[in-house]
Amino acid sequence: MGKTTQELLADLGIKAKNESICTGREWVTSLGTETVEVFTPVTGEKLAEAVFASDSEYEHVVKKAQEAAAYWKTVPAPLRGDIVRQYGIKLRLRKKDLGKLVSLEMGKSYQEGLGEVQEMIDICDFAVGLSRQLYGLTMHSERPEHRMYEQWHPVGLVGVISAFNFPVAVWAWNSMIAAVCGDVTIWKPSEKTPLTAIACHNLMKEVIIENDLPEGLFNLVIGDYKIGEALAKDKRVPLISATGSTRMGRRVSQVVGARLGKSLLELGGNNAVIISEKANLDNALVAAVFGCVGTAGQRCTSTRRLLIQESVFEDFKKKLVNAYGQLSIGDPLDENNHVGPLIDKDAVAAFERAVRAVEEEGGEVLTGGEVLTGKGYQSGCYVKPCIAEARNHFEIVQEETFAPIVYLIPFKTLDEAILMQNDVKQGLSSAIFTDSLQEAEAFLSAAGSDCGIANVNIGTSGAEIGGAFGGEKETGGGRESGSDAWKVYMRRQTTTINYGKSVPLAQGIKFDL
């Protein structure tokens, strides 16, 4: 018999009312007066409460983080990696429980909740290997008996502002890489999903105690936008990694930029899949449906636009509408269901506005677009995924709606499709389905997709942690996770060593005394 919700919460250290800050070992008694009630979008049931941090509590966290940073940067990187390794083991042992909590608090399917925890495990594994591979370069000096090289040092404190849709994975992408790089993190989770953050820090607390580590290495501050503003303004925090809306990211960028700090921004996406007449349409269909309705359309990489070649447009449209008719919508913890709820009623209202807007601009809703009511839908957060025929220039198509609505747009030539794909303000993920090598290479060329992610014969969502994740234009330009994304968490230092007996100047300059 599975655990009840209350048993699950208790096993993960979630209380009826939870403190606002954690500095590793310590959950500090809350001084704040504001609280947030957390309701599951699955049933509308109240899960718990959390207190928002006060100004003095925020200061306490930053001071602890500064103290810890002075110690942590002196620890050899492979030893830092071993702490991350141990956290990965904790996640493996609690994967099912944490995955279920992700589903309960955010509303994504249980399989996707497990997948999110697996991403955390994967990034731990990646970071452990990275801890022995923080490579610099050696350069040849133009001066005799000189050696030049570059090395990388920790930046110190890293602020992580995460969004509700991936409530734990994005923190892990940032904090595990930052940890092996010698940084300490201050995490401000979405106020919509604080409980998963509390559970993650309870697991980290075990690792910290078992290794007798100091306070301040991994920090949590629960609050609303005011905590995000405090982090963005704080000169003691040289790097802010922020995931969320373009509006939020623009504000973070302005505030951090005003103090000449560094920002890593992961913002909105308006992702398109190009479906060529030379594609395997069955494969394209599977990828399109998951891309459109997975996480109820609340991934930053969710498929928002399907650009379909005219010769196969009607055929593919028919296949897609038929596939949507087979979707099972309901409790995401029931693995027979494909689609769960939106995060809250505000998201439902945004979905309804988008459906109305596309019709007002001349589009046609082919299926879906309704809010579901009745048994199993009492939370008011369930909708029927929507397919609409539209045109790329429609104002609503140009915007990102964080919900399961996709726009079907016909095209004649690949050049036209690429132009339409790129003709939006965002530039996160993109894909083409084709069996033509020429079309695939054209899509991947400098004249092709302008997105940070470009895929061939797979969809727009479901990125692996081994590659750098992020996008261009109003997506923010940041890169997280794999490849060499670690470099943003460190500062580069170029060093020249003179082991000779004279001091020659660069560029052959003569300066004799």
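Refer to the structure presented above.
Residues numbered from 1 in each chain as written. Predicted model: local features only at pLDDT ≥ 70, side-chain atom pairs only at ≥ 80, totals over all residues. Heavy atoms only, no water.

1. Considerations on a negative patch on the surface
Here is the rule: Put simply, a patch holds well-exposed residues, over 30% relative accessible area, that have no salt bridge, with like charges counted together within 9 Å and Val, Leu, Ile, Met, Phe, Trp or Tyr side chains within 5 Å. For accessible areas, the Shrake-Rupley method is used with a probe of radius 1.4 Å. Any residue's cover is judged against the shown protein chains and nothing else. By salt bridge we mean one thing: a side-chain nitrogen of Lys or Arg within 4 Å of a carboxyl oxygen of Asp or Glu. Only four residue types enter the tally: Lys and Arg on the positive side, Asp and Glu on the negative side; His and the chain ends are excluded. Charge positions come from single atoms, namely NZ of Lys, CZ of Arg, CG of Asp or CD of Glu. The numbering of helices and of strands both runs from the N terminus, where a helix is a DSSP run of H or I of at least 4 residues and a strand a run of E of at least 2.
On the surface, Glu359, Glu360, Glu361, Glu364 and Glu395 cluster together into a patch of negative charge. Topologically, Glu395 is positioned in helix α13 (residues 395–398).

2. Focus: the layout of surface pockets
As a reminder, the rule being used: Lining residues are those with an atom within 4 Å of a point, where the points come from a 1 Å grid over the protein atoms alone and group into cavities, where a 1.4 Å probe fits but cannot get out, or pockets, open sets with protein on both sides within 12 Å along at least five of seven lines. Grid points are joined across faces, edges and corners, and a volume is the space filled by probe spheres set on the points. For this scheme, ten residues count as nonpolar: Ala, Val, Leu, Ile, Met, Phe, Trp, Tyr, Cys and Pro. Four count as charged, namely Asp, Glu, Lys and Arg, and the remainder, Gly too, count as polar.
By volume, the largest pocket is sized at about 1,300 Å³. What lines the largest pocket is a set of 42 residues, and nearest its centre among them are Gly244, Ser245, Thr246, Arg247 and Met248. When residues of the lining of the largest pocket are traced back to their parent elements, those giving at least two are α8 (225–233), α9 (246–258) and α12 (345–360). At 6 residues, the largest contribution of residues to the lining of the largest pocket is made by α9. For the lining of the largest pocket, the residue count by class is 16 nonpolar, 11 polar and 15 charged. A volume near 400 Å³ is recorded for the second largest pocket. As for the second largest pocket, its lining consists of 23 residues, and the residues nearest its centre are Glu119, Phe166, Arg299, Gly462 and Ala463. Of all the elements in the fold, those that place two or more residues in the lining of the second largest pocket are α5 (110–130) and α6 (169–180).

3. A closer look at the packing of helix α14 (residues 414–422) against helix α15 (residues 437–444)
To keep it simple, the criterion reads: The angle between two axes is taken between their N-to-C directions and runs from 0 to 180 degrees, where each axis is a line fitted to C-alpha atoms and a helix contributes only its stretch in contact. An angle below 35 degrees is read as roughly parallel, one above 145 as roughly antiparallel, one from 65 to 115 as roughly perpendicular, and any other as oblique. By definition, any crossing whose near helix is turned counterclockwise from its far helix by less than a right angle is left-handed, and any crossing with a clockwise turn is right-handed. The contact rule is simple, with two residues in contact once any of their heavy atoms fall within 4.5 Å.
α15 packs onto α14 with a crossing angle of 30° between their chain directions and a minimal axis gap of 11 Å. The pairing of α14 with α15 is recorded here as roughly parallel in orientation. The element α14 and its partner α15 pack so that their crossing is right-handed. Residue-level inspection shows Leu414, Ile418 and Gln421 of α14 in contact with α15, the latter providing Glu439, Ala442 and Phe443.

4. Concerning the sheet that holds strand β6 (residues 138–139)
The criterion, for reference: For two strands to be treated as a pair, DSSP must find no fewer than two bridges joining them.
One open sheet accounts for 3 strands, arranged β6-β7-β24; its pairing is antiparallel. On the outer flanks of this sheet lie β6 and β24 (490–498), each paired with one strand and no other. Two strands pair when backbone bridges link them, and strand β7 (residues 146–154) and β24 are joined in this way by 9 bridges, in the antiparallel orientation. What sits directly across from His153, in β24, is Arg491.

5. Observations regarding the packing of α8 against α9
Axis separation between α8 and α9 bottoms out at 8 Å; the angle between their running directions is 35°. Across the interface between the two elements, Glu229, Ala232 and Lys233 of α8 pack against Arg251, Val255 and Val256 of α9. Along the lines of polarity and charge, the residues of the contact of α8 with α9 split into 3 nonpolar, no polar and 3 charged.

6. Concerning the pattern of salt bridges
Under the convention used in this document: Burial classification: accessible surface area is computed with a 1.4 Å probe over protein chains only, and a residue below 20% of its type maximum counts as buried, one above 50% as exposed, and the rest as partly exposed.
For the structure on display, the rule yields 32 salt bridges. Between Glu112 and Arg299 there is a salt bridge, with the nearest N and O atoms lying 3.0 Å from each other. On the criterion of sequence distance, the pair formed by Glu112 in helix α5 and Arg299 in the loop between α10 (281–293) and β14 (303–309) is long-range, its members being 187 residues apart. Judged on exposure class, the residue Glu112 and its partner Arg299 are both buried. Between Arg304 and Glu400 there is a salt bridge, and its shortest N-O distance comes to 3.8 Å. Placement of the pair is Arg304 in strand β14 and Glu400 in the loop between α13 and β17 (405–411), with a sequence separation of 96 residues. A residue is classified by how much of its surface remains accessible, and Arg304, at 3% relative accessible area, is buried. Residue classification places Glu400 among the partly exposed residues on the basis of a relative accessible area of 26%. If you follow the salt bridges from partner to partner, you end up with Lys3, Asp11, Arg94 and Asp97 in one network.

7. Quick notes on helix α7 (residues 194–210)
Think of an α-helix as 3.6 residues a turn; residues three or four steps apart then line up on the same face. Heads up, the condition is: Any helix carries an expected span of 1.5 Å times its number of residues minus one.
Taking 1.5 Å of rise per residue, the 17 residues of α7 would be expected to cover 24 Å, and the 25 Å separating its terminal C-alpha atoms lies within 8% of that figure. Summarising burial for α7: 13 of the 17 residues are buried, a large majority. Asp212 lies just past α7 and shows a positive phi near 50°.

8. Here we look at the packing of aromatic side chains
In plain terms, the rule: Pairing of aromatic rings covers Phe, Tyr and Trp, the last counted by its six-membered ring, and requires centre-to-centre distances within 6.5 Å; plane angles under 30 degrees mean stacked, over 60 mean edge-to-face, and any other angle means tilted.
This structure, assessed with the given rule, holds 7 aromatic pairs. Between Trp173 and Phe469, the aromatic rings sit 5.1 Å apart at their centres with planes inclined by 55°, giving tilted as the arrangement. Taken as a pair, Trp173 in helix α6 and Phe469 in strand β21 (residues 468–469) lie far apart in primary sequence, 296 residues in all. The residues Trp173 and Phe469 share a single accessibility class, namely buried. Relative to Tyr382, the ring of Tyr377 has its centre 5.2 Å away and its plane inclined at 55°; by these criteria the two rings are tilted.

9. Re the environment of Arg147
One can find Arg147 in strand β7. Arg147 sits 349 residues away from Thr496 along the chain, and the two C-alpha atoms are 5.6 Å apart. Not counting chain neighbours up to four residues away, the residues in contact with Arg147 comprise Thr495, Thr496, Ile497 and Tyr499.

10. Quick word on the sheet that holds strand β11 (residues 239–243)
Overall, mixed pairing links the 7 strands, which are arranged β3-β2-β10-β9-β8-β11-β12 in an open sheet. With partners counted over all chains shown, the strands left at the sheet margins are β3 (27–28) and β12 (262–266), one partner each. With 3 bridges joining them, strand β9 (residues 184–188) and strand β10 (residues 218–221) adopt parallel strand pairing. When the bridges of β10 are listed, Trp187 appears paired with Leu220. Sitting on the sheet, α8 touches β8 (157–161), β9, β10 and β11, and the angle it makes with β9 is about 150°.

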